[in-house]
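# A closer look at the structure
Spelled out from the first residue to the last, the chains are:
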Amino acid sequence: MRGLGVRGRLLDAALLGTVVVCCAVFIVWPIVCIVAQGLVPSEGLAGVWGVLSSSAGLLANSAFVGVLSAVLSTVVGLAVALVITFGSRPWSSVTSGLVAVSMISPPFVASLAYIELFGRRGLITHGLLGLSISPYGWWGVVLMQSLFFAAINVMLITSVLGRVDRSAVQAALDLGAPMGHVFLDVIMPLLRPALSVCLLLTFVRSISDYGTPVVIGGSFETIATEIYVRVVGYVDLRAAAVLNGLLFVVSGVVFVFFRRFDARDGAAGSKTLDAGVRPRAGEAGFALKGPLGVCAHLVCALFSGFLVVLYLTIVHSAFTKGMGWSAPFTLDQLTHLVKFDLGALWHSGVYALAAAAISTALGALVAYYAHRRRALFSLLLDFVATVPYTLPGICLGLGYILAFNAAPLELVGTDVIIVAVLAAKQLTISSRAFSSALAQVPVELDLAARDLGASDPQVLGDVLLPNLLPAVGVSLVNGFSSAMVSYSAVLFLITPGHKTAVFQLFDALSGGKYGDAAMISLALIVVTTLVNVIFYQLLLGRRRSRVSGTLGAL
């Protein structure tokens, strides 16, 4: 028994040490390298000021697009979330399905469909209206970013709406309050923290988005495109590091507000958890009526209609030759995919699976030591694990180049660095999923197991883990889906021998090969959907059997 106790403590120390070392090497060290490269240049502060002043116009462009995209995507997200929560069941299910599919779509799908529909030879502008107008400019960037980011906002707002206390809404209605007043005075105050989080996170994602401005921005440039030009065009890592440092500062400020609003959201949710604001069948309750209902349904219909048209356009482009309604059917794009792009698709799948597995394992350990065990430096560990989510992907990728281009960890040009940056980027969501799941498991289970002689690793593996399978599923699905379509984080790390499907998609789109780009998009969506279904089926089946076994043993 004594030997088992010693081995348990050694294993516990090894697990904690692994988490600390991984976070220090793959999160903290790249950020330190950016600061050292960009904010401590040989020219001093004058050099920093010179880079920033020469990029003032680009900063203004990024802020302008970021603000508009944040506001528009949050408004769309709120309207769609209201319809999903309070709309009819069939309408709600269809909209939820479209939102789920859009979340696993590659980042350039919306831009590709936008060009196909509204380009100079677009199906709508030229095919239906006979116009030949340029689709490129800041308005296209704002529109596409808003639609692409709105899906995540829908999920965030819907989750908060699901925790609003139905009895509070019903009490206001029983007292004679109109539907509009119930929405403004009861529901909206609970939604404000979530709406603030949506605004902040969308703003950060917008200013760090590189692909959309490059594809449909035309001559409109942003700070993210300038970073790419500085690295690839001028090999000016110092200037790129300065601009990345600026994005990092913005992300840090956003992180502070994010934690503040997230805490408010959690406090509001903890009071009303499991209540559910949607009326039960046959029960009178809040309904989307009046001007609010008309506006919400109209926005939701436009959003859903655009998504349907978007995916139909992708399918049309993938199996036709050329553009226009009369384009002939062809399998050339499918043949090209099989001949030239299956290798990149294979790389994407392998990298995504490895990143999902690593981020899930590390996320579970971070949540266990930071939130369950309250280990030493748990607050710092939680902060470090949260940083990659708020840090722009392009910033993290540049940090990896600076940190791992020389001994003792020379990883640039290898598969390891790609998997590492993808896993680090997904660590935040993974640790949050496990923290939420652990909060629902009674602490008394840990104490009972320890009283029976179980070591801490045995408590984690044999007692807690069987109750965390839903969190494992969420982490794996999110990690795999996000890694499959990740672009900005690995933008500077991909080499010709390690190209992923998203890079092949971007190359085809940049080269005007819209049919090939559409076929790669379809392949990515199909593969990601299939793997997600497999994850869900396997984990749900295991969950039933293992939970039953654990309860029986206890």
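Conventions adopted
- Residues numbered from 1 in each chain as written.
- Predicted model: local features only at pLDDT ≥ 70, side-chain atom pairs only at ≥ 80, totals over all residues.
- Heavy atoms only, no water.
- Helix = DSSP H or I, 4+ residues; strand = E, 2+ residues; numbered from the N terminus.
- Buried < 20%, exposed > 50% of the residue type's maximum accessible area, 1.4 Å probe, protein only.
- Contact = heavy atoms within 4.5 Å.
- Areas by Shrake-Rupley, 256 points an atom, 1.4 Å probe, with all protein chains shown as cover.
- Disulfide = S-S within 2.5 Å.
- Bend = angle between axes of the 7 residues up to and from the residue.
- Polar contact = N/O pair within 3.5 Å; in protein donor to acceptor, adjacent residues only side chain to side chain.
- Axes fitted to C-alpha atoms, helices over the stretch in contact; angles between N-to-C directions.
- Parallel < 35°, antiparallel > 145°, perpendicular 65-115°, else oblique.
- Left-handed = near helix turned anticlockwise from the far one by under 90°.
- Nonpolar A, V, L, I, M, F, W, Y, C, P; charged D, E, K, R; others polar.

## Let's talk about the overall build of the protein
Each helix and strand in the protein was counted, giving 21 helices and zero strands. The buried share of the protein, taken over its 554 residues, is 51%. The long-range fraction of contacts in the protein, counting pairs at least 24 apart against all pairs at least 6 apart in sequence, stands at 80%. Accessible area of the protein: about 24700 Å², with a carbon and sulfur share of 69%.

## Describing unusual backbone geometry
Backbone torsion omega between Ala407 and Pro408 reads 10 degrees, so that peptide bond is classified as cis. Locating Pro408 in the fold gives a position in the loop between helix 15 (393–403) and helix 16 (415–439).

## What to know about the state of the cysteines
This structure, assessed with the given rule, holds zero disulfides. Just so you know, Cys23 is unpaired, no disulfide at all, and the nearest cysteine sulfur is the one on Cys22, 7.0 Å from it. In this structure Cys23 comes out as buried when scored by relative accessible area, which is 6%.

## Some remarks on helix 13 (residues 332–372)
In helix 13, a bend of some 65 degrees at Asp341 exceeds every other bend along the element. Positioned one or two residues after helix 13, Arg374 has a phi angle of 50 degrees, which is positive.

## Thoughts on the side chain of Thr320
You can see Thr320 is positioned in the loop between helix 12 (290–318) and helix 13. In terms of polar contacts, Thr320 uses its side chain to reach the backbone carbonyl oxygen of His316, at 2.5 Å. Sequence-distant contacts of Thr320, that is, excluding residues within four places in its chain, are made with Ala327, Pro328, Phe329, Thr330 and Gln333.

## Looking at the packing of helix 4 (residues 89–103) against helix 12
Between two packed helices, the angle of one axis relative to the other and the distance separating the axes together describe the packing. Where helix 4 meets helix 12, the closest approach of the two axes is 10 Å, and the angle between their N-to-C directions is 50 degrees. Between helix 4 and helix 12, the angle falls in the class oblique. In this structure, helix 4 crosses over helix 12, and the sense of that crossing is left-handed. Where helix 4 approaches helix 12, its residues Trp91, Thr95, Leu98, Val99, Val101 and Ser102 are matched on the opposing element by His297, Cys300, Ala301, Phe303, Ser304, Leu307, Val308 and Tyr311. Partitioning the contact of helix 4 with helix 12 into residue classes produces ten nonpolar, four polar and no charged.

These values are about where atoms sit, not about what they do.
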